[in-house]
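Chain and residue survey
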Amino acid sequence: MGLGFNVGFLYQASPDLRFGVDYRSRIQHNISGTQSVTIPSLVPVLSPLTAGFLAAQNSPASTKITLPDSLTGGVYWQVTPQLALLGDMAWTDWALLKTINVVPSGPGAQPTSLAENWHS
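Now for a description of the structure that goes with this document. (Residues numbered from 1 in each chain as written. Predicted model: local features only at pLDDT ≥ 70, side-chain atom pairs only at ≥ 80, totals over all residues. Heavy atoms only, no water.)

**As for the packing of aromatic side chains**
Throughout the structure, instances matching the rule amount to two aromatic pairs. When the ring of Phe-5 is compared with that of Tyr-23, the centres are 5.9 Å apart and the planes differ by 50°; the resulting orientation is tilted. Remark: Tyr-23 occurs in strand 2 (residues 17-24) and Phe-5 occurs in the segment before strand 1 (6-14); sequence separation between them is 18 residues. Take Phe-5: its relative accessible area is 47%, and that puts it in the partly exposed class. Aromatic side chains Trp-94 and Trp-118 sit 4.7 Å apart centroid to centroid with 40° between the ring planes, which places their arrangement in the tilted category. Here Trp-94 is found in the loop between strand 6 (83-92) and strand 7 (99-104), whereas its partner Trp-118 is found in the segment after strand 8 (112-115), with 24 residues between them in sequence. Overall, Trp-94 belongs to the partly exposed group, its relative accessible area being 31%. Look at Trp-118 and you get partly exposed, because its relative accessible area is 37%. (Phe/Tyr/Trp six-rings, centres within 6.5 Å; stacked < 30°, edge-to-face > 60°. Helix = DSSP H or I, 4+ residues; strand = E, 2+ residues; numbered from the N terminus. Buried < 20%, exposed > 50% of the residue type's maximum accessible area, 1.4 Å probe, protein only.)

**A short note on the side chain of Ser-70**
Inspection of the secondary structure puts Ser-70 in strand 5 (residues 70-80). Looking at Ser-70, the relative accessible area reads 14%, which means it is buried. Ser-70 has contacts with Asp-22, Tyr-23, Arg-24, Trp-91 and Thr-92, leaving out every residue within four places of it along the chain. (Contact = heavy atoms within 4.5 Å.)

Listed below in structure tokens is the structure:
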């Protein structure tokens, strides 16, 4: 669960034409769960050391992730009583999401970094 906010503005230029803009803030989430690794059946036979290392990766894990802020603009135009045109454009700061670091809490478990490198 995370906490953020939205703020918006609407301007009515005429009875038939409206413009709006909305901002949604970044939201940070603290996530916890279980990291588990499936060990193929031949690994313990071929390499007990590798199987032991992989088994040690099974543990509780957590991460923090910040979801990006966004800005949206829109327009509403009542062309005729039977026809209205609507349009919007949105920008989301996805470039904020570079890496997700998963941190296990079990002994011997190694942290994992997931490179995301998203673009806005």
